[in-house]
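# Descriptive analysis of the structure
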Amino acid sequence: MEPLVIIGNGITGITTARHVRKRSDMPIVVISDETDHFFSRTALMYIFMGHMRFKDTKPYQDWFWKKNRIELMRGFVSEIDTANNKALRLRDGRRISYGKLLIATGSKSNKFGWPGQDLPGVQGLYSYQDVELLEENSRNVTRAVLVGGGLIGIEMAEMLLSRHIPVTFLVREKFYWNNILPEAESLLVSRHIREHGVDLRLETNLKAILPGADGRVTAVMTEAGERIDCQLVGLTPGVHPNIEVVKNSAVATGRGVLVNEYLETNIPDVYAAGDCAEIVTEGDGRNRIEQLWYTGRMQAQALAKTICGERTPYERGIWFNSAKFMDIEYQTYGYVHNQPRDGETSFYWEHPGGRHGVRIVYQNDSEAVTGMNFFGIRMRQHTCEGWIRDETPVDTVIANLAEANFDPELFRPHWEAIVTAYNRERGKQLRANFRPSLFQRIFA
Ligand SMILES: Cc1cc2nc3c(=O)[nH]c(=O)nc-3n(C[C@H](O)[C@H](O)[C@H](O)COP(=O)(O)OP(=O)(O)OC[C@H]3O[C@@H](n4cnc5c(N)ncnc54)[C@H](O)[C@@H]3O)c2cc1C
């Protein structure tokens, strides 16, 4: 039997392999050019900051793969022949036949053709190799410049600050990450970045990266004509699907590898999932590219069933994302747009200390909650998703916010302040409910 071959040993490829193995005895081969073993990409920053060793970021012991008969292969797939042979070619000349093929090649860092973007000392942050390169590039640096606001940029800023490297952060937008965040949350995050000593420059575009006499980066020029001396430039203006491997094949692509809701491509027995996949949406909706850890895992779980003969659509459910802006945790549920949409209203509360914020978005007519943002407060995913799924009215959600919190007593003043602010703004008379948790009930 020809194997299931998976290109990419990230969360998507590996979750698919594990779940296929639970259901089937088919041979499985996972190929990656990055590392021998699966590791947590989201933990890359902690390796650089010295909080974790690389081996701590590997969720499975090295023996796990052999025991589960998942063959790991290190190499770069340069060609896919879907036409007659159902085969792959690796850059080193090896040829591998497949019965079924999963493309799970992830993303690549964006570069926008800036002069000097390929100079030594200029880099992105995506792969394990990028962290190794950052180790080299961050030596003897008196200033680093980061270009492009977003989640990876802020991680890179935190990484460099941990080595006491001064950081200037150029962000094109008027407010930090405000193509995603509403203005109030953008301001909260911007303030926090500056509190950490980052020289955050909003509405500032990079024009060029300049080389010094040694050929390495020595400065950047902004479009406003300012020169900023630096020895390291981090390019962090987002990522795009890594579809290089299918470029010369018959597999259809758009921005990513085009797939249907079953994560099937246009070629039989060829699938794509995770960051590299573009899910074609029927009707007027925009195709979806989901570049998140947990969506990669969810896609893989559905796909493993399909690969094993139980054809299963990928259903994402309620949108969720979480991240960290330096010391401030961020969670978002459902849809919180940066500008309110027609027919929706939102209520926003922020603690005067500027490190905690809550936004609840709801429909004007039904008052059903459709989205929530939380800053500096960790909420229970299950409860928040349930509120959105059940179209819970905003009054109920506001009064019961403490119920979704991991530590309602600690945050009690916040929940009371939120309800007071809501009552004042909306002329209501709600009270904050504190139902004791199961733990509290057992040990009361
Ligand atoms: C610094 C950083 C922090 C992040 N933090 C978060 C976070 O907090 N929360 C969150 O939800 N998401 C986060 N993400 C995004 C998340 O890591 C990705 O969505 C996820 O890793 C994508 O998984 P994947 O399996 O689809 O692809 P990847 O993890 O990119 O794995 C793809 C693998 O395929 C390999 N590959 C590609 N082409 C070939 C080829 N031709 N031959 C052989 N191998 C190939 C690549 O080298 C790579 O190892 C972060 C990303 C980065 C870079």
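Residues numbered from 1 in each chain as written. Predicted model: local features only at pLDDT ≥ 70, side-chain atom pairs only at ≥ 80, totals over all residues. Heavy atoms only, no water.

### Re the overall build of the protein
Scanning the protein for helices and strands turns up 11 helices and 25 strands. Dimensions of the protein, computed from C-alpha atoms along their principal axes, come out at roughly 70 × 60 × 50 Å. When the 444 residues of the protein are sorted by exposure, 52% land in the buried category. Long-range pairs, those at least 24 residues apart, make up 61% of the contacts in the protein between residues at least 6 apart in sequence. Within the structure as shown, the protein displays about 21,000 Å² of accessible surface, and the carbon and sulfur contribution to it stands at 47%. Positive and negative side-chain charges in the protein, numbering 53 and 55 respectively, have mean positions lying 4 Å apart. (Helix = DSSP H or I, 4+ residues; strand = E, 2+ residues; numbered from the N terminus. Buried < 20%, exposed > 50% of the residue type's maximum accessible area, 1.4 Å probe, protein only. Contact = heavy atoms within 4.5 Å. Areas by Shrake-Rupley, 256 points an atom, 1.4 Å probe, with all protein chains shown as cover. Lys, Arg positive; Asp, Glu negative; His and termini not counted. Charge placed at Lys NZ, Arg CZ, Asp CG, Glu CD.)

### Notes on the pattern of salt bridges
Scanning all chains against the criterion turns up 29 salt bridges. Of the charged contacts in the structure, one is a salt bridge between Arg 23 and Glu 310, with a shortest N-O distance of 3.0 Å. In this pair, Arg 23 is assigned in helix H1 (residues 11-23) and Glu 310 in the loop between helix H7 (293-307) and strand E21 (320-325), connecting sequence segments 287 residues apart. Given a relative accessible area of 41%, Glu 310 falls into the partly exposed group. Its salt-bridge partner being Glu 135, residue Arg 163 comes within 2.6 Å of it at the nearest N-O pair. A residue pair is termed long-range when its members are at least 10 positions apart, and Arg 163 in the loop between helix H5 (151-161) and strand E11 (167-170) and Glu 135 in helix H4 (residues 128-137) qualify at 28 residues. Among the charged side chains, a network of salt bridges with common partners joins Lys 86, Lys 100 and Asp 269. (Salt bridge = Lys/Arg side-chain N within 4 Å of Asp/Glu carboxyl O.)

### Observations regarding the domain arrangement of the protein
Under the domain assignment, the protein is made up of domain 1 (4-108 + 240-307), domain 2 (122-237) and domain 3 (320-442). Measuring from the centre of the C-alpha atoms in domain 1 to the corresponding centre in domain 2 gives 30 Å. Contacts between domain 1 and domain 2 engage 14 residues on the former and 14 residues on the latter. The three residues of domain 1 that bury the most area against domain 2 are Leu 44, Met 45 and Phe 48, which together make up 51% of that side's buried surface. Among the elements that line the side of domain 1 that touches domain 2, the one with the most residues is helix H2 (residues 44-48), at 4 residues. A per-class count over the side of domain 1 that touches domain 2 returns 7 nonpolar, 3 polar and 4 charged. (Domains from an automatic or database assignment. Buried area = accessible area lost by both parts, 1.4 Å probe. Nonpolar A, V, L, I, M, F, W, Y, C, P; charged D, E, K, R; others polar.)

### Topic: the side chain of Gln 117
Along the chain, the position of Gln 117 falls in the loop between strand E8 (107-109) and strand E9 (122-123). Look at Gln 117 and you get buried, because its relative accessible area is 13%. A polar contact of 2.9 Å, which involves the side chain of Gln 117, links it to the backbone nitrogen of Gly 113. Within the structure, Gln 117 has its side chain in polar contact with the backbone nitrogen of Trp 114 (distance 3.0 Å). When near neighbours in sequence (up to four residues on either side) are disregarded, Gln 117 contacts Lys 111, Phe 112, Val 122, Ile 209 and Leu 235. (Polar contact = N/O pair within 3.5 Å; in protein donor to acceptor, adjacent residues only side chain to side chain.)

### Some thoughts on the packing of aromatic side chains
A full pass over the atoms with the stated rule returns 20 aromatic pairs. An angle of 80° between the planes, with centres 6.0 Å apart, marks the rings of Trp 177 and Tyr 330 as edge-to-face. With Trp 177 in the loop between E11 and helix H6 (183-195) and Tyr 330 in strand E22 (residues 328-334), this pair connects stretches of sequence that are 153 residues apart. Like Tyr 330, Trp 177 is buried. Among the aromatic residues, ring-to-ring pairing joins Phe 169, Tyr 176, Trp 177, Phe 325, Tyr 330 and Phe 375 into one connected group. Here the guanidinium or amino end of Arg 91 rests over the ring plane of Phe 76, the centre of that ring lying 4.0 Å away. A cation over an aromatic ring shows up here: Arg 163 above the ring of Phe 48, its NZ or CZ 3.8 Å from the ring centre. (Phe/Tyr/Trp six-rings, centres within 6.5 Å; stacked < 30°, edge-to-face > 60°. Lys NZ or Arg CZ within 6 Å of the ring centre and 35° of its normal.)

### Some points on H4
The complete set of buried residues in H4 reads Tyr 128, Asp 130, Val 131, Leu 134 and Asn 137. The inward-facing, buried residues of H4 abut H2, E9, H5 and strand E16 (232-235).

### Some remarks on the sheet that holds strand E14 (residues 217-222)
Taken in spatial order, the 3 strands of this open sheet run E13-E14-E15, and their pairing is antiparallel. Two strands bound the open sheet, and with one partner strand each, they are strand E13 (206-211) and strand E15 (227-229). Here the average twist between neighbouring strands, direction ignored, is 25°. Note that E13 and E14 share 5 bridges and pair antiparallel. The partner of Ile 209 across the bridge, within E14, is Val 220. (Pairing = 2+ DSSP bridges. Axes fitted to C-alpha atoms, helices over the stretch in contact; angles between N-to-C directions.)

### Concerning the nonpolar core
Nonpolar side chains tend toward joint burial in soluble globular proteins. Membership of the largest hydrophobic core comes to 48 residues, with the highest contact counts inside it found for Ile 28, Ile 31, Leu 88 and Ile 103. Residue contacts for Ile 103: discarding those within four places in its chain leaves Ile 7, Ile 80, Val 245, Val 246, Val 257, Val 270, Tyr 271, Ala 272, Ala 273 and Cys 276. If you look at the next biggest cluster of nonpolar residues, it comprises 38 residues, including Tyr 128, Tyr 176, Val 189 and Phe 375. (Core = buried A, V, L, I, M, F, W, Y, C linked by side-chain atoms within 4.5 Å.)

### Quick word on unusual backbone geometry
Positive phi, normally seen in glycine, also occurs at Trp 177, with a value near 50°. You can call Trp 177 buried: its relative accessible area is 11%.

### Here we look at the site of the ligand
Taken together, 31 residues sit near the ligand, with Asp 33, Glu 34, Val 77, Tyr 126 and Asp 275 positioned nearest. The separation between an oxygen atom of the ligand and a polar side-chain atom of Asp 275 is 2.7 Å. Within the backbone of Trp 293, a nitrogen or oxygen atom sits 2.9 Å from an oxygen atom of the ligand. Burial of the ligand by the surrounding chains reaches 91%, relative to a free accessible area of 1,000 Å². Counting residues per element, the ones that place at least two in the shell around the ligand are H1, strand E2 (28-32) and H5. In terms of residue class, the shell around the ligand is made up of 12 nonpolar, 14 polar and 5 charged. Taken together, domain 1 (4-108 + 240-307) and domain 2 (122-237) each give at least three residues to the shell around the ligand, which thus spans both. (Near = heavy atom within 4 Å.)

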